[in-house]
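The primary structure of each chain is shown beneath.
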Amino acid sequence: MRTLDWEDGAVVTIDQCALPHQEITLRVRTVDELIDAIKRLAIRGAPALGIAGAFGVAIAARTHLSDADRPLGEAAARADAERLASARPTAVNLRWGVEQALASLGDGPDAVLATALRLMDEDDRMNHQATVNAADVIVGLCPDRPLRLLTHCNAGALATAGLRGTALGAVFELAERGLVEFVIVDETRPLLQGARLTAWELGRAGIPHRLSVDSAAASLMARGLVDCVVVGADRITANGDVANKIGTYGLAVSAAYHGIPMVVVAPESTVDEQLKDGALIEVEERDADEVRQVLGMPVAPEATEAFNPAFDVTPAELVTAVVTEARVMRSEKAAAGRTAR
Ligand code: MRU
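Owing to the predicted nature of the structure, the values given are computational and were not obtained by experimental measurement.

Cut-offs and rules
- Starting from 1, residues in each chain are numbered consecutively following that chain's sequence as written.
- Local features in this predicted model are restricted to residues whose pLDDT is 70 or higher, and side-chain atom pairs enter the listing and the counts only when it is 80 or higher, whereas totals over whole chains, interfaces and linings include all residues.
- The split into domains, and so the bounds of each, comes from an automatic or database assignment of domains.
- Each residue gets a C-beta atom placed from its backbone, and two residues are in contact if those atoms lie within 7 Å.
- Where helices and strands are cited, they refer to DSSP runs of H or I of at least four residues and of E of at least two residues respectively, numbered from the N terminus.
- Field definition: a residue is buried when 20 or more other C-beta atoms are found within 10 Å of its C-beta, exposed when 12 or fewer are, and partly exposed for counts in between, with C-beta atoms placed from the backbone.
- A pair of strands counts as paired when DSSP detects no fewer than two bridges linking them.
- To get an axis, a line is fitted to the C-alpha atoms, and for a helix only the part in contact is used. The angle between two axes follows their N-to-C directions and goes from 0 to 180 degrees.
- For each residue, a C-beta atom is positioned from the backbone; the residue is called near a molecule or strand if that atom sits within 6 Å of it.
- Side-chain classes are defined by residue name, with Ala, Val, Leu, Ile, Met, Phe, Trp, Tyr, Cys and Pro counting as nonpolar, Asp, Glu, Lys and Arg as charged, and the others, Gly among them, as polar.
- UniProt positions are given in the numbering used here, feature names are shortened, and annotations may be inferred rather than shown by experiment.

As a further point, take the domain arrangement of the protein. Splitting the protein by domain gives domain 1 (4-122) and domain 2 (124-340). Spacing between the C-alpha centres of domain 1 and domain 2 amounts to 26 Å. Contacts between domain 1 and domain 2 engage 22 residues on the former and 30 residues on the latter. Of all the secondary-structure elements, those providing two or more residues to the side of domain 1 that touches domain 2 are α2 (46-64), α4 (92-102) and α5 (109-141). Ranked by residue count, the leading element in the side of domain 1 that touches domain 2 is α2, at five residues.

Burial along strand β10 (residues 262-265) is two-sided: the face carrying Met 262 and Val 264 and the face carrying Val 263 and Val 265 are both buried. As judged from the three bridges shared by strand β7 (residues 228-231) and β10, these two strands associate in the parallel manner. Looking at the pairing, Val 231 lines up with Val 264 of β10. Pairing of β10 with strand β15 (residues 321-323), which is carried by three bridges, proceeds in the parallel orientation. Looking at β15, one finds that Val 264 is bridged to Val 322.

This next bit is on the sheet that holds strand β2 (residues 10-14). The three strands lie next to each other as β1-β2-β3, forming an open sheet whose pairing is antiparallel. Each edge of the sheet is formed by a strand with only one pairing partner; in this case those strands are β1 (4-7) and β3 (25-28). Geometrically, the sheet is characterised by an average inter-axis angle of 25° between neighbouring strands, direction not taken into account. Examined bridge by bridge, β2 and β3 share four bridges and lie antiparallel to one another. Within β3, the position partnered with Thr 13 by the bridge is Leu 26.

Looking at the secondary structure, you find Gln 100 in helix α4. Excluding residues that lie within four positions of it along the chain, Gln 100 makes contacts with Ala 54, Thr 115 and Leu 119.

Moving on: the site of the ligand. Taken together, 20 residues sit near the ligand, with Arg 44, Ala 155, Ala 159, Gly 232 and Lys 245 positioned nearest. Within the residue set of the shell around the ligand, elements represented by two or more residues are α2 and β9 (242-245). Looking at the shell around the ligand residue by residue, the classes come out as 10 nonpolar, seven polar and three charged. When residues of the shell around the ligand are assigned to domains, at least three map to each of domain 1 (4-122) and domain 2 (124-340).

Annotation from UniProt places "site: Transition state stabilizer" (unreviewed entry) at Cys 153. On the secondary structure map, Cys 153 appears in the loop between β4 (147-151) and α6 (167-176). Judged by local crowding, Cys 153 falls into the buried class, with 30 C-beta atoms found within 10 Å. When residues no more than four places from it in sequence are discounted, the contact partners of Cys 153 are Thr 188, Gln 193, Gly 194, Asn 244 and Lys 245.

Read across the open sheet, the four strands follow the order β11-β8-β9-β14; overall the sheet is mixed. The open sheet has two edge strands, β11 (271-272) and β14 (311-314), and neither has a second partner. Pairing between β9 and β14: four bridges, direction antiparallel. Within the sheet, the bridge partner assigned to Asn 244 lies in β14 and is Asp 312.

Set out below in structure tokens:
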């Protein structure tokens, strides 16, 4: 089953806020509902946001282009598209998906929907190829067998419109090749995408995994329990800097210290050639309550101030390889610093 699809005029998806305890199907029929689903992370993960954005423009086109006044209808659809594209600022895929769909606006609502459906099919193919490429890269980088892999956040099927995701898809590919001993799953505070979503996906796939608090990662590396860190990305700038879920940068620093390869898996649509480097990436700052609470339960005094950046930026030199469906970008500096243990 696809984790994001289009059915009878609605975006159909699994509500990621309710997982893993409830599997609720969401049917999103309006742009406002879609923006709400994106903001509260019912739909999340960079590639999934791209496809959702494209479907959002299809909804906007159906809603407004039937207006008698065509220029007015187009202006209203473009205004909706802009609201969608800015619902979350860091993952470049969201604006990318919106813009791809907007390019068909002049040809009418059916053309916009056709574009969104094409992007959805391509998402599957591209991510699948990226996972095969990444598995090959990881095999080349890691001499020990079977592999102990560490991942952060959720870069699985849930984070895409496809069937197995990006970084977690590479894990699935390696498991199919019989190469995985276990996966260490960072719980990924504050919203626990690792615990709630990645553990759920790995459990369904029957891949051995252990959940771990984020702050244990460095010590697990020091104990020799990690052969490779494999994560997704929300935006990769022209120089190879990588924005991903908060905590990724810390993992990269620890991995470099311990001589462990750090592999990023993403579709080309996550590469933002317009931005020179990671300093230019807008990092989404989310509500402080997400830090003061755990799944809605207060864990800090109510008035406590908090930082809540949803992402961080890992400099290219700490990333051993960025793997897409089309290429492998290797950092010479990162490669030089990593030796097999
Ligand atoms: O805030 P989220 O859950 O949307 O953050 C998602 C991530 O950081 C993922 O690692 C990234 O989008 C890659 S998903 C293939």
